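Understanding the architecture of this molecule
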Amino acid sequence: ARAGELKPNQKAQCSKFKEAVAYAVEALKDTDLREQYLQKGKNKQLSAYNMAIADFLTPPVIDAINTENYKGAIGNKISITVTDNFKVTSVLVKIQKPDDTLIESGNAVLKLQQWVYTTTVANPDLTGCKIVVEAKDTPAHTSEKEVLLS
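A brief report on the enclosed structure follows. Everything quoted here is computed from the prediction, not taken from an experiment.

**Here's the deal with the packing of helix α1 (residues 8-27) against helix α3 (residues 48-57)**
Packing of α1 against α3 brings their axes to within 8 Å, and their N-to-C directions diverge by 130°. Taken together, the axis directions place α1 and α3 in an arrangement best described as oblique. Seen from above, α1 lies across α3 with right-handed handedness. Residues K16, F17, E19, A20, V21, Y23, A24 and V25 of α1 form the contact with α3, whose participating residues are Y49, A52, I53, D55, F56 and L57. The class makeup of the residues in the contact of α1 with α3 is eleven nonpolar, no polar and three charged.

**Quick look at α1**
With 20 residues, α1 should reach 28 Å at 1.5 Å per residue; the first-to-last C-alpha distance of 28 Å fits that figure. Among the residues of α1, A20, Y23, A24 and A27 are the ones counted as buried. In an axial view of α1, the angular spread of the buried residues amounts to 100°, which keeps them on one side of the axis. Of the exposed residues in α1, those oriented more than 90 degrees away from the buried face are P8, K11 and K18.

**As for the sheet that holds strand β5 (residues 109-111)**
Strand order in the open sheet formed by four strands is β1-β2-β6-β5, with antiparallel pairing between adjacent strands. Each edge of the open sheet carries a strand with a single partner, namely β1 (61-66) and β5. Sheet twist, expressed as the average angle between the axes of neighbouring strands with direction ignored, equals 35°. The sheet contact formed by β5 and strand β6 (residues 114-118) spans three bridges and is antiparallel. Residue V109 lies in a different strand from β6, and its bridge partner there is V116.

**Some points on the side chain of Q96**
Secondary-structure assignment places Q96 in strand β3 (residues 88-96). Overall, the relative accessible area of 13% leaves Q96 in the buried class. Sequence-distant contacts of Q96, defined by excluding residues within four places in its chain, comprise T101, L102, I103, C129, K130 and V132.

**Observations regarding the nonpolar core**
Of all hydrophobic cores here, the largest spans 20 residues; its most connected members are I78, I80, V82, V91, V93, I131 and V133. Among the secondary structure elements, those contributing two or more residues to this core are β1, β2 (77-83), β3, β6 and β7 (130-137). It is β3 that provides the largest number of residues to this core, a total of four residues. With near-sequence residues (within four places) excluded, I80 lies in contact with I62, A64, I65, V91, V93, A108, Q114, W115 and V133.

Calculation notes
Residues numbered from 1 in each chain as written. Predicted model: local features only at pLDDT ≥ 70, side-chain atom pairs only at ≥ 80, totals over all residues. Heavy atoms only, no water. Axes fitted to C-alpha atoms, helices over the stretch in contact; angles between N-to-C directions. Helix = DSSP H or I, 4+ residues; strand = E, 2+ residues; numbered from the N terminus. Parallel < 35°, antiparallel > 145°, perpendicular 65-115°, else oblique. Left-handed = near helix turned anticlockwise from the far one by under 90°. Contact = heavy atoms within 4.5 Å. Nonpolar A, V, L, I, M, F, W, Y, C, P; charged D, E, K, R; others polar. Expected span 1.5 Å × (residues − 1). Buried < 20%, exposed > 50% of the residue type's maximum accessible area, 1.4 Å probe, protein only. Arc of directions from axis to C-beta. Pairing = 2+ DSSP bridges. Core = buried A, V, L, I, M, F, W, Y, C linked by side-chain atoms within 4.5 Å.

By themselves, these observations are geometric and do not establish any function.
See the structure below:
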């Protein structure tokens, strides 16, 4: 590349930042969201605008999926720890057979810093099944993580 030309990864980063700026400008038009970004930004010494940009650039992180209490019975609980620099807006849980056939899916509910999914379908054979979790944040970015049951 000639001097002054951006490399492909630099071009992608610039493009992503432009998207983040556009998101921040739109997000701050919503007075409730602007106030939330302002409050969260105060803790980090960031303006609402900079907090919105940081939120756009940082997807949620699924830190842990706890399947200890999942025994395949209706009403079992699967707990998920998800972090984000601003706010996690939803956590979707899917339980799949080894061939990826869907057994059940639904939204987890936030309870005391943990997202908890309560199962609704009996699943007598857990071997090889997967728990797939998808977390979404305010700018609607998603992260996915799966756990294989044995």
